[in-house]
Each structure stands twice: as C-alpha cells, then as structure tokens.
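Coordinate analysis (summary)
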Amino acid sequence: MARAAFRLLLPGAALILPASLWAQSAELAEHQDDQGADPEPAFLVRGPAPPDLPEMVRRDAAGGATMRATRLTEPLDFDGRLDDAIYDRVPGVGGFIQALPLEGAPATEPTDVWVFYDDEAVYIAGRCWDSQPHRMVATEMRRDNFGIFNNENLAVVLDTFYDRRNAFFFYMNPLGGFFDGLIADENPPNRDWSAVWDSRAARFENGWTMEMRIPFKTLRYATGGPQVWGINFRRTVRWKNELSYLTQVPTALGPRGITKISSAGTLVGLEAPASSRTVEVKPYLIGDSAGIRADAGGRGLERDYGGDFGVDAKVGITSGLTADLTWNTDFAQVEADAQQINLTRFSLFFPEKREFFLEGQGTFSFGTSSRSPPAGSTRSFGPPSSTPVLFFSRQIGIAGGQIVPILGGGRVTGKLGDFGVGALAIRTGANSAAGAPETDFSVLRLKRDILNRSTVGVMGTYRSHTASGLGRNFAYGMDARFGFFENLTIQSYAAWTQNELEDRTGMSYLGQVEYNGDRYGLKTERLVVGDGFDPGIGFLRRRDFQRNYAEARFSPRPHSISWLRQIGWTGSIDHTTDNEGTLETRILQLQTEVELENGDRLNVDTARNREVLSEEFFLDEDAGIGVGVGPYDFDHVRVAYQAGPQRPISGNFAFQHGGFFSGTRREVAWRGRVEVTTRFSLEPTVSLNWIDLPTGDYDTSLIASRINYTLSPRSFFAAFLQYNTAANSLSTNVRFRWEYEPGSDFYVVYNSLRDTLAPGYPELNTQSFIVKFTRLFRF
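Notes on the structure follow. Worth saying up front: this structure is predicted, and the values here are computed from it rather than measured.

**Structural notes on the overall build of the protein chain**
- On a plain count of helices and strands, the protein chain comes out with three helices and 46 strands.
- A total of 779 residues make up the protein chain; the buried ones form 53% of that total.
- Taking the intrachain contacts of the protein chain between residues at least 6 apart in sequence as the baseline, contacts between residues at least 24 apart amount to 59%.
- About 33,600 Å² of surface is accessible on the protein chain, with carbon and sulfur atoms providing 56% of the total.

Right, here's the structure in full:
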C-alpha cells in the first residue's frame, strides 16, 4: 500500500511531502495551538501521493505565507552563485508583495528565496531579479555598516521561538556587505549585535544572488527536532525606491515592516539539533603605546608602553538562556565618540558603542521604545527625548569622561517560557583621577509576553557608590506596552529611586498613546520626573519637570502626481512645567515633509518657542556669553533636503534661521556620504552656527569626516577626523579591522588629540597606538 502523505492545496498545484515530515510539523503546530500560540498552518491536510514536484509556499487571502525548508543531502558549493543542482530541483519561493510604493501590489522586480538546512546550519539563499541591473545601487561593503541598508539588499528575520515579537535579523547587498541584529518586542533592531555566520554574494546578467550560512549554534530556539519558526524577507530595490516582503506588511511601516514579527510568515519542515546550547571562549591580547603632554608648552610626550590580556565567554545555560562572562574587559577597538556642540542647558546623550553592552540592549530597555524618524527622513521630531533611561550602560566603565577599568562581570539574557530575562552584574576598579571608587553594578529585568503584541515587566538596578557621593543607589520600576490592531500602541511606566544618604524617594511615570497609520497619525503623552528622581545607572537629560505632548499628522499619497510619493503635515505642542506648575518650555511646531518618487525628501519645519529660565546658562563661561534669567519668546524656520542614497553625493543638507532666546541663530549643516569608488568613501559632517546675543557673538564649527577604505566585507581601514572650535580640538581615530575568521579579529588603532589654540600647527596633547588580537573558540 502507498504510504500516507500530506498534501498542500494551492491554486492549480499540489504539494505532497512524506508523511513523517509533515506529521512532525503538524504535531508541533498542534502542541503550540494547545498552549495558546498561533494555530497550525492551514495547508496541513491529508491527501494522496504527488505526481509532480512540490511547490514550497502556501499563501492566504490576508497576505500571509507558510513556506517549507528543505534538508540538504549533499554540501552546497557555498559561493553565492546559486548554480548547485538543488536550485534546479527545489523551486524558489517568490510572489513578494509591495509595501512601498503600492501596498498589496505584486513586486515589480521578482525575488526567489530558499531555506535549506543540514545538521549544523540553516542556509538562506536569494535570487534578486532586476530589469535594469546597471542601475543597481551597491556602494558599501563593510560588515555591519548602516550604508548597506541604503543599497540594494535582501533581508531575512527568523523568529526561532515563534512568539511573534522577537527575531534574529540578517541582510546582505550585492557587494557581499552583510549586517545582523536582534529585534526585541518589534522595536527597531539592535544593530550592534554581532553573530558568527558566513555569507556570499554574486551578480548575474539579470540581477544578483546571495547565500547565508547561519550555524544553529548562533541561534537560540526552544527545543531540538522539528521546528515551527516565524520568517519574513524584505527586498529593497533602491534605484526605484521599492520595498517588498514575503508577506503583506502595512505601508505605514515602510522599511520598519521587517520588525513587525507578528506579520511574518511561518517556516515549517526544519529540523534542528537536540540543543542550541554552546560554549564560546574569546581571549584577547593587547599591546599599546600611549603618550601625554605633562604640561602646556612642554616639548614631546611622556610615553608609556604596556600590554594586557583578558577573556570573554558565552555559555548556553538552556536552549533559551545565555550567560556572557567577561574578565579584564577591554574596548580599545571601539570607534571614538562623535563630538557634539551643546547649545542647550541640558545634558548631552552619547550612545553606547561597546560590544559587551550592546548585545543585551533590547532586553534591558525600559519604558517607552525610543522614537526615531523613518529611515532617510529629514523630520526633526522636536527636541531630544527627555524620557529618563533607567539603565544606561555608559555609566559603567566611564566616569568624568575618563576610562574606568572593568574588572569583570557577567550577564544572562534570553527567554524562559513566556518571560524575557535579563540580569547583569559588573565590578569596576578605581580611578582616582576621575574620583571613581571600586563599584558594583547590578541590573535585573523581567518581561512577560501577554496578548498578541503586548508585554508587562519589572526592572531593578543597584549601584554600590553613586557619582554624587550619596552612598548606594537603588532604582526599580514596572512598565507595560500594549499593541492593538495594526497601528495603535499604548505604553506606560512607573519608576522609583532612592539614594542611601538621602531621606526621600524620587518617582517618575509616563503614559503614552500613539496611532501611527500611513495616512493619519496621533500621539499624546504625559511624562513626570519628580524632584529627587535619580537613577544611579541611568541617564537624565532634564530633572524635576512635567511634560505634556500632543501631535497630529496627515500624510496622503497623491497618486495623480507622478513625481510625488507622499506629502505630510505634522502639528505638535510640547508643554513642560516644573513640578509646581511653573512654565519652563512651550514649543508649537508645524512640519511639512515631501517625499519624491526617487527617494529624495524635503522638510520645512517652523517652531514657536517660549523658554522661561530660572537660572542663567552660558555658551562660553570664560567670555561671559550666555542667557540670563527670565522668559524668552522666539521662532525659527529649518529647511532640510535629503538627497537619496542612489546619488554619488548624498545626505541631509539643512539651513536654520530664527531667534535664539534674546538673540538670533543661523545654522548650516550637512551630514552625508561621498562615494568615490565602491571601496572608498567619505562620510562628512558639517555643523556651522552663528549666534548673536546681547552678551556677545558665539560662533561654532564642528567639521568631521569618516574616511573609509574597504578591502573586503570583513576587513577595512577607517579614519574618523573631528575639528571642534567649541572644544578647541582636532582629534584623529584611525582603525584597521580584519576579521580573519568569523568571530575572530585583528585590530590596529591610532588615536591623537591636538590643541587648536596653540600657535602654528595644532599642538599634540595625547597620542596612542594599539594592537589587539582576539580568537574565538566554539565548543
């Protein structure tokens, strides 16, 4: 008798697979249905044996998709060309659906994708057809560089726990440049997570092709055996500004649609090893030479030579939980911070760049997710966020702008059933010059998945010595995020802090409701930061205030105008008082944004400001240039033009003119990219300010550029030069990186800082030369 089989019913086609394979997939899907997860794929029905080759995907009327992975019976010739025999035997999955410019329409440039696997890895392959391949935009080759997003690219997300909210994120461009990240709770990806995987890309006369090899040891998943994962693909055709997905994704999300894991498809037929647990050990060796000028006007530098070693380790505790351990941690290879000019009375925020802390960033986020404009947008979205950050990792290992040694520590992150878990403990050494004693830092984070796209959680932090000398610091809070329908989000938190030597408890809370559709948008928010609220391992831009914010947007897509993709108008009011109700800031803002079909954008932003200062602040305290106590009313207009990435000279060009407290301010700015060749590029940043106040004129210039030369996707030279008149400095950061094996690196780093006030050529104040070697061992 013929063996029983399952049949995939498709319009005009049938897919029959061996009963054992489909039964395993069906049993796992039924088990998840019993647990309240998404039901089994609708196409798993019984039927007779097949007369022909199977199709690989089933689609539903809502734009969903379920696709099948195929086991490899012989090794792939892993070169990115897709000329192995299996690509002829196994049909690719196509039928991608546009998100932009026409939601729901078939993609105009076809894409075929495959998922294969063997006992060690998952293989993702794609063939990206292009009707005009000579117009493809491919200018960036460096690993993990955001410029890859501005090229033609193909991305994939893998929701390995099938929780419909978290995923691993990988994408590539035609030059072989590749990028990875982690998506947590459908928030923007943590782009600084670096995984061990391999990739290849190639071109053919009608487009380009790619292959990825992702070891099971790189991924986390629930158990071994048959798997049901979430999966989605995103194809970016940059030269025509088109985005398409495997499944239907709302236009409003645009490129961020890849993070909407709840809209992803389903992957079945994959069988994983019994455990994804692994052990990684990564020791390092470092040698350095450092010089510093002991006194002004002295000749030469006092030099010191040294070397050191340390180790990082990663241990799989369970299939969903991973422990990261570090001893004698070093971050010498990290790029220098981009300098900023502070024209406000509040603290500046510098993002984290150190790999150890970046990997767990999504797990430890608290409260509202950070709001950022869509990729490529010129919208300013008002002032920087004043929402407190309960855990800000730059409080660890940095004090007073100086490096504090990290003696060691560990972190546990991952999934435990429906809970997201994060725990961190770090001990830092003393730095007498920075006034930092030996200090212990601890963080605990728990999040519970509820409903379809919602979470509730708690968080606590501890610091044994505060920077303010108030003894130990404790912070704790609870937060919630509810996602309803496609575009409605409600977020809130409440948090408390206490310093050991203060007899009071500080409190902060927030409530936010946002509807973020494509044509309409609404947002309202109330934020309170009480007197005494002081997160010891966090960040506060502003203290002791209450903020009420409201925003409305109308952004139609007039299809009758061929060169215009979308036009939007956004009006907002930002009203901030102290906790006694006295007005501090009020901003009325109107923004107009025009997106062209070629990807260029024009933004015009007008704002009316009222600032009430209770104490004066200085732009230049030595010269006495500042703003006194009192109320100030002033307006400004900012015009910005974003030249699309398909241009050899691209970026955001901006001009601002208007009032500045009791005076005026003009600014010219450019942040962009100049493509010299596919391997050599410049990334200039220019910000020139002319401020006229009754107390004097204050002019600033910040001119910087990254100079990049790429040898291969895993090897590059990068120089970062910065000239800042506000700091009277000229800084240089030059790095060479060679990832000689996936996960193992060799670095050469040169740093210098010069004083531009010295007569003649800027005087050298500090200089360092560093060589670092790392080696990854996996067990």
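**Quick notes on the environment of Glu-211**
- Mapped onto the fold, Glu-211 is located in strand E14 (residues 207-215).
- A residue is classified by how much of its surface remains accessible, and Glu-211, at 1% relative accessible area, is buried.
- For the pair Glu-211 and Asp-79, spaced 132 residues apart in sequence, the C-alpha separation works out to 7.4 Å.
- Engagement of the side chain of Glu-211 in a polar contact is seen with the backbone nitrogen of Asp-79, the distance being 3.2 Å.

**A word on the environment of Arg-775**
- By secondary structure assignment, the location of Arg-775 is in the loop between strand E45 (763-774) and strand E46 (777-778).
- Accessibility expressed as a relative area gives 27% for Arg-775, which makes it partly exposed.
- On a C-alpha basis, the gap between Arg-775 and Pro-742 in space is 9.5 Å, while along the polypeptide they are 33 residues apart.
- Residue contacts for Arg-775: discarding those within four places in its chain leaves Val-281, Lys-282, Pro-283, Tyr-740, Glu-741 and Ser-744.

**Looking at empty space enclosed by the protein**
- Under the defined criterion, the tally for this structure stands at five cavities of 30 Å³ or more.
- Volume-wise, the second largest cavity comes out at about 50 Å³.
- Each residue belonging to the lining of the second largest cavity can be placed in one class, and the counts come to no nonpolar, two polar and five charged.

**So, the pattern of salt bridges**
- Evaluated as defined, the whole model comprises 55 salt bridges.
- In this structure, Asp-324 and Arg-411 form a salt bridge, with 3.2 Å as the shortest nitrogen-oxygen distance. Residue Asp-324 is found in strand E20 (residues 321-329), and its partner Arg-411 is found in strand E23 (residues 406-416); the two are separated by 87 residues along the sequence.
- Residue Arg-504 is joined to Asp-531 by a salt bridge in which the shortest nitrogen-to-oxygen separation is 3.2 Å. Taken together, the residues Arg-504 in the loop between strand E28 (488-499) and strand E29 (506-516) and Asp-531 in the loop between strand E30 (520-529) and strand E31 (545-554) connect sequence positions 27 residues apart.
- With a relative accessible area of 36%, Arg-504 lands in the partly exposed category.
- The network of salt bridges with shared partners includes Arg-143, Asp-144, Asp-180, Asp-198, Arg-200, Lys-282, Arg-714, Arg-737, Glu-739 and Asp-745.

**Remarks on the packing of aromatic side chains**
- Applying the stated criterion across every chain yields a total of 32 aromatic pairs.
- Between Phe-717 and Phe-736, the ring centres sit 4.7 Å apart and the planes meet at 35°, which makes this aromatic pair tilted. One end of the pair, Phe-717, is in strand E42 (residues 715-724); the other, Phe-736, is in strand E43 (residues 729-741), with 19 residues separating them in the sequence.
- Residue classification places Phe-736 among the buried positions, given a relative accessible area of 16%.
- A network of ring pairs unites the aromatic residues Phe-617, Tyr-632, Phe-634, Phe-660 and Phe-661 as a single cluster.
- Lying across the ring of Tyr-171, Arg-234 places its NZ or CZ 5.6 Å from the centre.
- One residue, Arg-775, lies across the ring of Phe-777, its end atom 5.1 Å from the ring centre.

**Brief notes about the pairing of strand E37 (residues 630-643)**
- Of the strand pairs in this sheet, strand E34 (residues 601-613) and E37 are connected by 13 bridges, and their pairing is antiparallel. If you follow Thr-606 over to E37, its bridge partner there is Val-637.
- Across eight bridges, the pairing between E37 and strand E38 (residues 649-660) is antiparallel. Pairing of His-636 across the sheet is with Gly-658, part of E38.
- Following E37, the chain reverses through five residues before pairing antiparallel with E38.

**Considerations on the sheet that holds E14**
- Overall, mixed pairing links the five strands, which are arranged E6-E8-E9-E14-E13 in an open sheet. Edge positions in the sheet fall to strand E6 (70-71) and strand E13 (198-204), since each has one partner strand and no second.
- Bridge analysis of strand E8 (residues 111-117) against strand E9 (residues 121-129) gives seven bridges, and the strand direction is antiparallel. Among the inter-strand pairings, Phe-116 is bridged to a residue of E9, identified as Tyr-123.

**Brief notes about a nonpolar patch on the surface**
- On the surface, a nonpolar cluster with roughly 500 Å² of combined accessible area is contributed by Leu-602, Val-604, Val-637, Val-639, Tyr-641, Ile-649 and Phe-653.
- Elements supplying a minimum of two residues to the nonpolar patch: E34, E37 and E38.
- Examining the composition of the nonpolar patch, we find that three residues originate from one element, E37, more than from any other.
- Within the secondary structure, Val-639 sits in strand E37.

**Considerations on the pairing of strand E18 (residues 279-292)**
- Judged from the 14 bridges that link them, E18 and strand E19 (residues 302-316) form a sheet pairing that is antiparallel. Bridging across to E19, Gly-287 finds its partner in Gly-307.
- Bridge count between E18 and E46: two bridges; the pairing is antiparallel. Considered in E46, the bridge of Val-281 is made with Phe-777.
- Inspection of the sheet shows E18 paired to E45 by nine bridges, in the antiparallel sense. Paired with Ala-290 across the two strands is Ser-768, which belongs to E45.

The rules we used
Residues numbered from 1 in each chain as written. Predicted model: local features only at pLDDT ≥ 70, side-chain atom pairs only at ≥ 80, totals over all residues. Heavy atoms only, no water. Helix = DSSP H or I, 4+ residues; strand = E, 2+ residues; numbered from the N terminus. Buried < 20%, exposed > 50% of the residue type's maximum accessible area, 1.4 Å probe, protein only. Contact = heavy atoms within 4.5 Å. Areas by Shrake-Rupley, 256 points an atom, 1.4 Å probe, with all protein chains shown as cover. Polar contact = N/O pair within 3.5 Å; in protein donor to acceptor, adjacent residues only side chain to side chain. 1 Å grid on protein atoms, 1.4 Å probe; cavity = no way out; pocket = protein on both sides within 12 Å on 5 of 7 lines; lining within 4 Å. Points joined across faces, edges and corners; volume = space filled by probe spheres on them. Nonpolar A, V, L, I, M, F, W, Y, C, P; charged D, E, K, R; others polar. Salt bridge = Lys/Arg side-chain N within 4 Å of Asp/Glu carboxyl O. Phe/Tyr/Trp six-rings, centres within 6.5 Å; stacked < 30°, edge-to-face > 60°. Lys NZ or Arg CZ within 6 Å of the ring centre and 35° of its normal. Pairing = 2+ DSSP bridges. Patch = residues over 30% accessible without salt bridge, like charges linked within 9 Å, V, L, I, M, F, W, Y side chains within 5 Å.

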